Amino acid sequence: MIPITIVGVGAMGEALIHGLKHHYTISAYNAGDNARLRAVASKTPITPCMDDASRIHALGVCAAVIVACKPHHVPEALRFLAPHIRPHTVVISVAAGVSIASIASYVPDGQPIVRAMPNTSCALRKGVTAWCARAHVPPMVRTLFDTLGFAIEVQETHMHAVTAISGSGPAYVYAMMEALIAAAERLGIPDAHALVAHTAAGAAQRVLEGAQPKHLRTAVTSPNGTTAAALAVLAPLGGLIDRAVDAAIARGQEMEAEIGGTP
Ligand SMILES: NC(=O)c1ccc[n+]([C@@H]2O[C@H](COP(=O)([O-])OP(=O)(O)OC[C@H]3O[C@@H](n4cnc5c(N)ncnc54)[C@H](OP(=O)(O)O)[C@@H]3O)[C@@H](O)[C@H]2O)c1
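Residues numbered from 1 in each chain as written. Predicted model: local features only at pLDDT ≥ 70, side-chain atom pairs only at ≥ 80, totals over all residues.

**Focus: the overall build of the protein**
Step number 1: For the protein, the count of helices and strands is twelve helices and eight strands.
Step number 2: Taken over the C-alpha atoms alone, the protein extends approximately 65 × 40 × 30 Å along its principal axes.
Step number 3: When burial is assessed residue by residue, the protein has 33% of its 263 residues classed as buried. (Helix = DSSP H or I, 4+ residues; strand = E, 2+ residues; numbered from the N terminus. Buried ≥ 20, exposed ≤ 12 C-beta atoms within 10 Å, placed from the backbone.)

The structure is reproduced here in structure tokens:
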């Protein structure tokens, strides 16, 4: 199996470990939180690197290093790893708002660089990853993202937009499900959680199979029926989602400016 190193085992790093653990040999480290690293290592087949010597060894033998720390910690993480990786090791950053140009300023010239935006469903290998690269990258990059679910290569200029759609998207779906569960509980329906989860999964499956949501929605909405009554209340949803996505994009641009996305 191909060796990879994950730098930063928080929410995203752990999701990546779960998604990749059966297909890659994974080493991983945190800056100081060895307790979290130990906890993840106790339930997944990773090599936890608890000291600099083991971190440097892992960096020196891996085919790709995935940087999954908070954006403002990325410079420190890159400064540490840069002297220890081989020239063909792919540096993959999943940090929001950190540009390829910024990453390039910390690693040796010519190092393959990938900027990616996965989401936490990668843990189940049902994630979405949008990614872009500075230049040619080895086929293993595409294979790695395909392992995590659906993956799409985009222009770097689209990264804020895909972050607002698929990066943050699971949270929008969870908010909708949360509201439906609360409504079901208010109405005293037993097992509201399962009722809503299966409703969402079934609906998503129809769309995954290729049907258009608009067609599906029309098909289940009889004129003057119960669904029509509910959808009349939800009429502002399209506009609201537009505003939500624009707010996410604006925040991403602000964060990029704060951390100096491009040096
Ligand atoms: N969460 C999401 O849904 C999501 C989705 C897409 C992308 N992302 C991106 O993923 C990145 C991580 O987000 P998160 O939510 O997983 O954050 P998090 O839970 O705070 O985890 C970040 C981890 O990075 C470690 N770390 C910090 N500095 C480090 C360094 N210099 N070297 C090695 N490890 C270091 C931290 O360990 P210590 O505690 O030891 O410092 C921590 O365990 C962010 O850049 C975010 O933009 C997140």
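More follows now that the structure is in view.
**So, the site of the ligand**
Step number 1: Surveying the vicinity of the ligand reveals 28 residues, the closest of which are G8, G10, D33, C69 and A95.
Step number 2: Of all the secondary structure elements, the ones that give two or more residues to the shell around the ligand are α1 (11-20) and α4 (74-81).
Step number 3: Looking at which element gives the most residues to the shell around the ligand, the answer is α1, with three residues.
Step number 4: Considered class by class, the residues forming the shell around the ligand number 15 nonpolar, nine polar and four charged. (Near = placed C-beta within 6 Å. Nonpolar A, V, L, I, M, F, W, Y, C, P; charged D, E, K, R; others polar.)

**A closer look at the pairing of strand β2 (residues 24-29)**
Step number 1: A large share of β2 lies buried, amounting to five of its six residues.
Step number 2: Note: strand β1 (residues 2-7) against β2, six bridges, orientation parallel. Opposite I2, over in β2, you have Y24 as the bridge partner.
Step number 3: Assessed by its sense of winding, the connection that carries the chain from β1 through α1 to β2 is right-handed.
Step number 4: Direction of pairing for β2 relative to strand β3 (residues 46-48): parallel, over a ladder of three bridges. Bridging from a neighbouring strand, A28 pairs with P48 of β3. (Pairing = 2+ DSSP bridges. Right-handed = clockwise from strand over helix to strand, strands pointing away.)

**Notes on α1**
Step number 1: Summarising burial for α1: eight of the ten residues are buried, a large majority.
Step number 2: Residues of α1 that are buried include every one of M12, G13, E14, A15, L16, I17, G19 and L20, and no others.

**A word on the sheet that holds strand β5 (residues 90-93)**
Step number 1: The strand order β3-β2-β1-β4-β5-β6-β7-β8 describes an open sheet built from eight strands, whose pairing is mixed. A strand with exactly one partner marks an edge of an open sheet, and here the two such strands are β3 and β8 (149-153). On average, each strand axis in the sheet is inclined to that of its neighbour by 25°, with strand direction left out of account.
Step number 2: By the bridge criterion, four bridges tie strand β6 (residues 113-117) to strand β7 (residues 127-133) in an arrangement that is antiparallel. Residue pairing in the sheet places V114 in a bridge with A133 of β7.
Step number 3: Contacting β1, β2, β3, β4 (64-67) and β7, α1 runs over the sheet at an angle of about 165° to β2. (Axes fitted to C-alpha atoms, helices over the stretch in contact; angles between N-to-C directions. Contact = placed C-beta atoms within 7 Å.)

**Focus: the pairing of β4**
Step number 1: A two-sided burial pattern is seen for β4, the buried positions comprising A64 and I66 on one face and V65 and V67 on the other.
Step number 2: The sheet contact formed by β4 and β5 spans four bridges and is parallel. When the bridges of β5 are listed, A64 appears paired with V90.
Step number 3: Crossover β4 to β5 through α4 is right-handed.

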